[in-house]
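Tertiary structure, described
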Amino acid sequence: METFDALLQGLSVAALPGNLIFALIGVLLGTAVGVLPGIGPALTVALLLPVTYKLDPAGSLIMFAGIYYGGMYGGSTTAILINTPGESASMATALEGYRMARAGRGAQALATAAIGSFVAGTIATLGLTFLAPWLVELAVQMGPEDYFALMCVAFVTVSATFGDSPVRGLTSLFVGLAIGLVGIDRLTGQPRLAFGMPELLDGIDVTTLAVGLFAIGEALYVASMRGHATEQVESVRGSLWMSLDDWARSWKAWIRGAFIGFPIGALPAGGAEIPTFLSYSIEKKLSRHPEEFGHGAIEGVAGPEAANNASAAGTLVPLLTLGLPTSATAAMMLAGFQQYGLNPGPLLFAEQPQLVWGLIASLYIANLMLLVLNLPLVGLWVRLLAIPQPWLYAGILVFATMGTIVAKASVTELALLTAFGLMGYVMRRFDYPIAPVVVGLILGPMAETQLRRAMAISLGDPMVLVTSPVSASLLTIAAIALLAPFAMSGLGRFKAAED
Amino acid sequence: MQIKSKPDGPGMLVAAGLLALAGIIFWDTTQLAQRTVYGLGPEAAPRVVAAGLALLAVANFVQALRGALPSRGTADRRPLLLIVGGMAALMAVLTFGGGYILATAILFTATATAFGRRAYAADFAIGLAVGVATYLLFAKLLTLSLPMGPLERLF
């Protein structure tokens, strides 16, 4: 009942005209950047951080959440119509969606993606609403050693467990951790890795890193690989409505997708690729028309798209209740909270219930707005794809540098931005994942603080990490999650040798 | 490994870079003066990160040596130089007081050229327009400060 009261109170905040406008701007921007190749929700939030710090915190955060949800919607449009998924989470959607578009069923694919996103997004937001207060009560009882252990789990799962290569994922993570070390040590006031440069004493700004890696790195990579791929936009033609058969085949896939996506997103596991591909293979197995898979099966769009949106909502659970970001966008949203001096976690629920519940309530509204906007406006979104690539990327770079100039107008900061851009280029070229760097930078210093706090309380006894049952079990999970991919790849190699 | 691939030179270079980074971080911890009496000092976390990076450098090196890295197409260097050059020009213009709009127009033109456009004058004009529009929106409407130059003083 308390949750209902809190949610109702949140709705009264979210329904304020100003906040509704922020939510609308958020979902429109989010859908636009989701549709455009080259910019995702993480970059958009990063670009907006410097220009929003003077605005009302609740409104900006509602806008950021709208961008996150909108980006997930928009990504599916690109995946279906041009077969280049805007983000990796839409890869599974592209498999069947693009085939449907080529067969003249693009409208139905877009519709099942949009309605499925709404259904799953709503289920997952309900999950968030009822899970959050419960997790907050749990979180209050956690000591610093437990937080440290939880962050270790997040480090491992974000970088090693679910990626293509655990070595490359861990490398990205450690580069992020290294960048996080730069600046004055919070406990002793000594500068670390600052090399006598006063600009580095405050540490590396997470927005500079994210904008460099995502915007400039991506632009450099796409420019250097130009001419390798040609894109063609499939037009939406034929009937715009889903037939009864389409509905019958979609609805179960939506529900299943939601129940696959939400828990995986809510665990500190990060990434929407796992639930989307899991949903895709489950739908393929359960379908009464398995022969249609590979030729445009509607379940293959409905399931993964639902899972995608549900996992996006799921990542907000650890973010809001524990302050633990498990995706690049969640990391940027955490930076958004910090910009206003707010720290997500149990305390925020107690101190700023209006803000937290207003944000959660606004998610329902954002989801509804997306459903209403997406179906009729899809023609408009598709037209965004007609922006010539040179101008699109030139515009992205202009906004990327503007964000940095507004935040800190120094040559050092712009040089750092360029350096991170080159780093992002090298990482893309050698197939290192980007998100672990951002998560490492933002979580690394937090993990160090928690560990040192735990050790100070225990008077330097490291046994505190294993005598707390929560910490001990979390560290065990982290160890298993770290070793599992290596063990499994060993098995895989063994099998391959046998064949 | 059954498939014998050639060692990957650039991949080994990346591994060497990681090792160098580990070395720099470790060296930096030796420069810290004050240590805490009990608990973890400021040198503990950097040393763990340095050790991890060194280990990962070895793992990356082995993968590169085996040629086990994902295949990558040939990259064109000219656009890279154009974009990085555009960024450098932006910094130079801002440092010498040329202002935000001019700097933006140069970066816009350089990036558009990197993506294959050859209409320099037209792109520069568009860049100027984008610069003016963002300047008016952010500096005047959102009252954020952007670097001033001769063009900005006109508004």
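Residues numbered from 1 in each chain as written. Chains lettered and ligands numbered in written order. Predicted model: local features only at pLDDT ≥ 70, side-chain atom pairs only at ≥ 80, totals over all residues.

- Per an unreviewed UniProt entry, chain B carries the name Putative tricarboxylic transport membrane protein and comes from Aquabacter spiritensis.

- In the annotation of an unreviewed UniProt entry, chain A is listed under the name Putative tricarboxylic transport membrane protein and assigned to Aquabacter spiritensis.

1. Looking at the overall build of chain A
- Within chain A, the regular secondary structure consists of 20 helices and two strands.
- Taken against the 2.2 N^0.38 rule, which gives 23 Å for 499 residues, the C-alpha radius of gyration of chain A at 22 Å falls within 12% of a compact globule.
- Here the C-alpha coordinates of chain A stretch approximately 70 × 65 × 50 Å along the principal axes.
- Considering chain A as a whole, with its 499 residues, one finds that 61% of them fall into the buried category.
- Counted over contacts in chain A with a minimum sequence separation of 6, partners at least 24 positions apart contribute 81%. (Helix = DSSP H or I, 4+ residues; strand = E, 2+ residues; numbered from the N terminus. Rg over C-alpha atoms; globule rule 2.2 N^0.38 Å. Buried ≥ 20, exposed ≤ 12 C-beta atoms within 10 Å, placed from the backbone. Contact = placed C-beta atoms within 7 Å.)

2. Structural notes on the UniProt feature "transmembrane region" (unreviewed entry) in chain B
- The feature "transmembrane region" (unreviewed entry), as given by UniProt, occupies residues 12-29, 49-69, 81-108 and 120-138 of chain B in the numbering adopted here.
- When the span residues 81-108 of chain B is considered, its composition is 86% helix and 0% strand, and the gap between its end C-alpha atoms is 14 Å. (UniProt positions renumbered as here; feature names shortened; annotations may be inferred.)

3. Here we look at helix H9 (residues 206-224) of chain A
Residue and element names in this part refer to chain A.
- Here H9 spans 26 Å end to end across 19 residues, near enough to the 27 Å set by a 1.5 Å rise per residue.
- Maximal helix bending in H9 amounts to about 30°, located at Gly212.
- Where burial is concerned, most of H9 is hidden: 19 out of the 19 residues are buried. (Expected span 1.5 Å × (residues − 1). Bend = angle between axes of the 7 residues up to and from the residue.)

4. Re the interface of chain B and chain A
- Taken together, the contact between chain B and chain A spans 54 residues of the former and 50 residues of the latter.
- Counting residues per element, the side of chain B that touches chain A draws most heavily on helix H2 (residues 44-66) of chain B, at nine residues.
- Looking at the side of chain B that touches chain A residue by residue, the class counts come to 37 nonpolar, 13 polar and four charged. (Nonpolar A, V, L, I, M, F, W, Y, C, P; charged D, E, K, R; others polar.)

5. Examining helix H1 (residues 2-14) of chain A
Residues and elements named next belong to chain A.
- With 13 residues, H1 extends 18 Å from end C-alpha to end C-alpha; this agrees with the ideal 18 Å at 1.5 Å per step.
- Every buried residue of H1 is listed here: Ala6, Gly10, Val13 and Ala14. The buried residues of H1 occupy an angular sector of 90° when projected down its axis, which confines them to one face. Exposed positions of H1 whose direction lies more than 90 degrees from the buried face are Phe4, Asp5 and Leu8.
- Looking at the buried positions of H1, the neighbouring elements they touch are helix H2 (17-35), helix H4 (57-82) and helix H15 (353-384). (Arc of directions from axis to C-beta.)

6. Observations regarding unusual backbone geometry
Residues and elements named next belong to chain A.
- Even without glycine at this site, Leu193 takes up a positive phi of about 50°.
- Topologically, Leu193 is positioned in the loop between strand S2 (191-192) and H9.
- For Leu193, a count of 21 C-beta atoms within 10 Å translates into the label buried.
- The phi dihedral of Phe195 is positive, around 50°, even though this residue is not glycine.
- Relative to the helices and strands, Phe195 resides in the loop between S2 and H9.
- On the neighbour-count criterion, Phe195 (10 C-beta atoms within 10 Å) is exposed.

7. Focus: the environment of Gly74 of chain A
- Along the chain, Gly74 of chain A falls in helix H4.
- When the C-alpha positions of Gly74 of chain A and Ala114 of chain A are compared, they lie 9.2 Å apart, and in sequence the two are 40 residues distant.

8. Quick look at the domain arrangement of chain B
- Domain assignment breaks chain B into domain 1 (9-66) and domain 2 (77-154).
- Just the C-alpha atoms count here: the centres of domain 1 of chain B and domain 2 of chain B sit 38 Å apart. (Domains from an automatic or database assignment.)

9. Quick notes on the packing of helix H7 (residues 144-161) of chain A against helix H8 (residues 166-181) of chain A
Residue and element names in this part refer to chain A.
- Contact geometry of H7 with H8 gives a least axis separation of 7 Å together with a crossing angle of 130°. One finds that H7 runs oblique with respect to H8. Where H7 approaches H8, its residues Phe155, Ser159 and Ala160 are matched on the opposing element by Pro166, Gly169, Leu170, Ser172 and Leu173.
- Within the contact of H7 with H8, the residues separate by chemical class into five nonpolar, three polar and no charged. (Axes fitted to C-alpha atoms, helices over the stretch in contact; angles between N-to-C directions. Parallel < 35°, antiparallel > 145°, perpendicular 65-115°, else oblique.)

10. Observations regarding the environment of Leu370 of chain A
Residue and element names in this part refer to chain A.
- With respect to the helices and strands, Leu370 occurs in helix H15.
- A tally of 27 C-beta atoms within 10 Å means that Leu370 is categorised as buried.
- Spatially, the C-alpha atom of Leu370 lies 9.1 Å from that of Ser117, the residues being 253 residues apart in sequence.
- Here Leu370 is in contact with Val27, Thr31, Tyr69, Gly70, Tyr73 and Phe118, once residues within four sequence places are set aside.

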